[in-house]
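Each chain is listed here by its residues.
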Amino acid sequence: FPQVDSNLNASTARTDTGATSSTADTYSYGVTGTQLLFDVAKTINNVKAASQNLKAAQYNYRFTSSEVRLRLRTAFINLLKSEELLNITQEIYNIRRSNLELITLRYESGIEHKGALLNAQANLAEAEFEIAQAKRALEVAQRELIKEMGRTKFSPMRAEGDFKVSDITLEKPDFEALAEKNPSLGKLIAQKNAASFGIKAAQADFFPQLSAQAGANKKSSQWPAQNDQWNTGLTLSFPLFEGGLRLAQIDQAKAIFNQAQANERSTKDGLIVALQQTWAALQDAAETVEVQKKFLDASIERAKIAEAQYSLGLIQFDNWTIIEDDLVKTKKVFLDTQANALLAEANWVQAKGETLEYAQ
């Protein structure tokens, strides 16, 4: 586009010639316009490079949005896990309390030894500690989510949801196609394209540049200025010698392009590997949940049978407490596997480059 400038000048000059002196005032104002006519597409390539840099910035925004989504999702899952862990520790406490009541009756009846009673009391104390620990972990998880949400003040909150993994693909996806859509790769491709236009713009400096100028002014020794002046013309500039500056600028532009090209290839290869790793981790996590669910069902059933057998004196305390401890352990392991599956899903979504607007 044309460049238009305005000017306003006021000056005074004094001349001394021996015994006499004189002053002269000058006033002028006007406008001057310049229009580029020809520069071997240097300006056009600079505009194209700027357009690609804008696109790179937009991809960078999407990448940041993807990172924010992962942090928010992770904080939400941690809070959801903390809430469920508090429920589990309360269930464990109820189990330990019932066990202590049963063992106390058997001990007072002379059926059970004192070691079993002390062990049951220790288990109940541990369950009480785990409840307090779970409450503290819950508050920490609330703090984490509040931070990721951008809030400045703490307020208790609850995470509502389940541990169901919804974004799971049993068939192996096309990792190369997914990598092409990732914003981190899109950013580097845009930067590479901008660098290629930068080379063309640098090469254009070896050719002449043609511009047109026009101006209109008023100038006189009194204000307001009365005398009209105008000018118009063409300017042709051509570089003759600058000590190799333009050659160095071309080499610099080519180096930037080669670096951008190498970054694109390296990032694409890394994305493909990361996508396959996160997809495999998601499949493993989802299948682990199914396996641990079977172990949990079996532990619950064994615990019911063992409690009835112990009440009837069919098994010893040592055998019974092993089964009870296994139930407690399995409940916690199952919760961990559920949370890990959700985290693996969040990492898979982030690896695909999905943003905050993504909904499953």
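For the structure itself, consult the block above.
Since the structure is predicted, the reported quantities are computational estimates derived from the model, not experimental observations.

Caption draft 1: Examining the pattern of salt bridges more closely. Summed over all chains, the structure comprises 16 salt bridges. When the shortest N-O distance is used, the salt bridge between K331 and E91 registers 3.2 Å. Residue K331 is found in helix α6 (residues 317-351), and its partner E91 is found in helix α1 (residues 42-108); the two are separated by 240 residues along the sequence. Using a relative accessible area of 15% as the deciding quantity, one classes K331 as buried. For E91, a relative accessible area of 37% corresponds to the partly exposed category.

Caption draft 2: Quick peek at the pairing of strand β2 (residues 20-38). By the bridge criterion, 15 bridges tie strand β1 (residues 3-17) to β2 in an arrangement that is antiparallel. What sits directly across from L8, in β2, is Y29.

Caption draft 3: The packing of α1 against helix α4 (residues 183-203), seen in detail. Packing of α1 against α4 brings their axes to within 8 Å, and their N-to-C directions diverge by 165°. Comparing the axis directions of α1 and α4 gives the class roughly antiparallel. In this structure, α1 meets α4 at a crossing whose hand is left-handed. When the residues that make up the contact of α1 with α4 are grouped by side-chain class, the tally is 9 nonpolar, 9 polar and 6 charged.

Caption draft 4: Representation of the side chain of R106. The residue R106 is located in helix α1 in this model. For the buried R106, which has no salt bridge, the nearest side chain bearing the opposite charge is E112, at an N-O separation of 4.1 Å. The contact partners of R106, leaving out residues within four places of it in the chain, are I111, E112, Y310, S311 and G313.

Caption draft 5: Spatial organisation of the nonpolar core. Counting residues in each nonpolar core, the largest one holds 53 residues, and the members touching the most others are L79, I103, L275, Y310, W320 and W348. Of all the secondary structure elements, the ones that give two or more residues to this core are α1, α2 (114-149), α3 (175-180), α5 (245-311) and α6. Among the elements that line this core, the one with the most residues is α6, at 13 residues. Here Y310 is in contact with L102, I103, R106, E112, I315, Q316, F317 and W320, once residues within four sequence places are set aside. Core analysis: the second largest hydrophobic core is formed by 6 residues, A195, I199, I250 and A253 among them.

Caption draft 6: View of the sheet that holds strand β4 (residues 227-237). The strand order across the open sheet built from 4 strands is β1-β2-β3-β4, with neighbouring strands paired in antiparallel fashion. Pairing within the sheet leaves two strands with one partner each, and these edge strands are β1 and β4. Along the sheet, successive strands turn relative to each other by an average axial angle of 20°, direction set aside. When strand β3 (residues 209-220) meets β4, the two strands line up antiparallel, connected through 11 bridges. Within β4, the residue paired with Q209 across the bridge is S237.

Caption draft 7: Molecular detail of the packing of aromatic side chains. Counting across every chain of the model gives 6 aromatic pairs. Look at Y29 and W223: their rings are 5.7 Å apart centre to centre, the planes differ by 65°, and that puts the pair in the edge-to-face class. Here W223 lies in the loop between β3 and β4 and Y29 lies in strand β2, a separation of 194 residues in the sequence. Classification of Y29 by relative accessible area gives partly exposed; the value is 30%. With a centroid separation of 6.1 Å and 70° between ring planes, the pair formed by F175 and W279 is classed as edge-to-face. Taken together, the residues F175 in helix α3 and W279 in helix α5 connect sequence positions 104 residues apart.

Thresholds applied
Residues numbered from 1 in each chain as written. Predicted model: local features only at pLDDT ≥ 70, side-chain atom pairs only at ≥ 80, totals over all residues. Heavy atoms only, no water. Salt bridge = Lys/Arg side-chain N within 4 Å of Asp/Glu carboxyl O. Helix = DSSP H or I, 4+ residues; strand = E, 2+ residues; numbered from the N terminus. Buried < 20%, exposed > 50% of the residue type's maximum accessible area, 1.4 Å probe, protein only. Pairing = 2+ DSSP bridges. Axes fitted to C-alpha atoms, helices over the stretch in contact; angles between N-to-C directions. Parallel < 35°, antiparallel > 145°, perpendicular 65-115°, else oblique. Left-handed = near helix turned anticlockwise from the far one by under 90°. Nonpolar A, V, L, I, M, F, W, Y, C, P; charged D, E, K, R; others polar. Lys, Arg positive; Asp, Glu negative; His and termini not counted. Contact = heavy atoms within 4.5 Å. Core = buried A, V, L, I, M, F, W, Y, C linked by side-chain atoms within 4.5 Å. Phe/Tyr/Trp six-rings, centres within 6.5 Å; stacked < 30°, edge-to-face > 60°.

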